[in-house]
Amino acid sequence: VITRPEMEIGRYHWMYRSSRPHRYHHVPALRGNISPLGIQGCFECCIKCLGGVPYASLVATILCFSGVALFCGCGHVALTGTVSILEQHFSTTASDHALLSEVIQLMQYVIYGIASFFFLYGIILLAEGFYTTSAVKELHGEFKTTACGRCISGMFVFLTYVLGVAWLGVFGFSAVPVFMFYNIWSTCEVIKSPQANVTVPGDQICVDIRQYGIIPWNSVPGKACGPILENICNTNEFYMSYHLFIVACAGAGATVIALIHFLMILSSNWAYLKDASKMQAYQDIKAKEEQELQDIQSRSKEQLNSYT
């Protein structure tokens, strides 16, 4: 005769067959000359460490550091050369370009702040990449994601998006001096080798800096023509400033690409953390059900022993 406790045990065994605790088998010890601290152990440890490295975040961090370094370093030197060219050839009166000098000096201080901020921000994003990679790799272990960690990841997504939009503006702004210097350089090339369809003599070909709005219209001389303009193009200040502005513009573009890369990584990591939190909640519920099943089984066994 099957008693009621036996029927209850059989019913729970049938309903929660997949919830039975796993049985762990004994792993035999290594034999021979190979020890747990030998070559295989070091190799496995290295593979485990390399598996936890966020390579995408590492590449984005290197690209971000390189772009910001090129933009800040080359932009700072190029602005200094631009002021020197204006003071020597286009605006001999200090009061005419005093405002421009103050603006350029302010921009140089801003460059210092940008370099410092992005150095710290890149390290923080790389650390966040290590954090989220560990959360995904050790999802079934003792690692637990928290609501605060997911909130911080979401905040980084928003902040990186804002910085990416801002750097798009910086990239466009950095292309303006490149365009100006290119116009001056192309004019000098026409003076050096006049084209067949150019009817104006070389000494009447001029570049007026005042039309760009960087110096007022009452600046003297304000423009350079013919051999004077050709001599300006042959100076080291013009050559270095022109090429440094090009490199600074390329650095701004690289920074934009790095921030877009960071944005994709952070969005993906935030989605992983969100799934991890759901998985943790599921595992907690499953563990609670298994504990309740074990309690029921233990009580049923006690009742069965009391009946027998």
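Here the structure is a predicted model, which means the values were calculated and not measured.

A tally of regular secondary structure across the protein chain gives seven helices and two strands. Secondary structure of the protein chain in N-to-C order comes out as α-α-α-α-α-β-β-α-α. Burial analysis of the protein chain (308 residues in total) assigns 33% to the buried set. Sequence-distant contacts in the protein chain: of pairs separated by 6 or more residues, those separated by 24 or more amount to 82%. For the protein chain, the accessible surface area stands at approximately 19600 Å², while carbon and sulfur atoms represent 66% of it.

This part is about the UniProt feature "transmembrane region" (unreviewed entry) in the protein chain. UniProt marks residues 58–86, 106–131, 152–176 and 244–266 with the feature "transmembrane region" (unreviewed entry), using the numbering shown here. Along residues 58–86 the backbone is 100% helical and 0% strand, and the end-to-end C-alpha distance reaches 42 Å. Measuring from the first to the last C-alpha atom of residues 106–131 gives 37 Å, for a span that is 100% helix and 0% strand.

Those residues of helix α6 (residues 226–233) lying buried are Gly 226, Leu 229, Ile 232 and Cys 233. Buried residues in α6, looked at end-on, bunch into an arc of 120 degrees, giving them a common side. The exposed set on the far side of α6, more than 90 degrees from its buried face, consists of Pro 227 and Ile 228.

Looking now at the nonpolar core. The biggest cluster of nonpolar side chains holds 47 residues, and the ones touching the most others in it are Phe 90, Phe 118, Trp 167, Ile 184, Ile 209 and Leu 229. Residue assignment for this core shows that the elements contributing at least two residues are α3 (55–90), α4 (98–137), α5 (147–192), α6 and α7 (236–307). Looking at which element gives the most residues to this core, the answer is α7, with 13 residues.

One pass over the full model with this rule turns up one salt bridge. Across the pair Arg 210 and Asp 208 runs a salt bridge whose closest N-O atoms are separated by 3.0 Å. Look at Asp 208 and you get buried, because its relative accessible area is 17%.

Moving on, we come to the packing of aromatic side chains. All chains considered together, the criterion is met by 14 aromatic pairs. Ring geometry for Phe 118 versus Tyr 121: centroids 6.4 Å apart, planes at 80 degrees, classification edge-to-face. In this pair, Phe 118 and Tyr 121 both sit in helix α4, three residues apart, roughly one turn of the helix. Neither Phe 118 nor Tyr 121 differs from the other in exposure class; each is buried. Residues Tyr 121 and Phe 156 carry aromatic rings whose centres are separated by 6.3 Å and whose planes lie at 70 degrees to one another, so their mutual orientation is edge-to-face. Taken together, the residues span a long stretch of sequence, with Tyr 121 in helix α4 and Phe 156 in helix α5 at a distance of 35 residues. Like Phe 156, Tyr 121 is buried. An aromatic cluster is present here, built from Phe 71, Phe 117, Phe 118, Tyr 121, Phe 156 and Trp 167 joined pairwise through their rings.

Cut-offs applied
- Residues numbered from 1 in each chain as written.
- Predicted model: local features only at pLDDT ≥ 70, side-chain atom pairs only at ≥ 80, totals over all residues.
- Heavy atoms only, no water.
- Helix = DSSP H or I, 4+ residues; strand = E, 2+ residues; numbered from the N terminus.
- Buried < 20%, exposed > 50% of the residue type's maximum accessible area, 1.4 Å probe, protein only.
- Contact = heavy atoms within 4.5 Å.
- Areas by Shrake-Rupley, 256 points an atom, 1.4 Å probe, with all protein chains shown as cover.
- UniProt positions renumbered as here; feature names shortened; annotations may be inferred.
- Arc of directions from axis to C-beta.
- Core = buried A, V, L, I, M, F, W, Y, C linked by side-chain atoms within 4.5 Å.
- Salt bridge = Lys/Arg side-chain N within 4 Å of Asp/Glu carboxyl O.
- Phe/Tyr/Trp six-rings, centres within 6.5 Å; stacked < 30°, edge-to-face > 60°.

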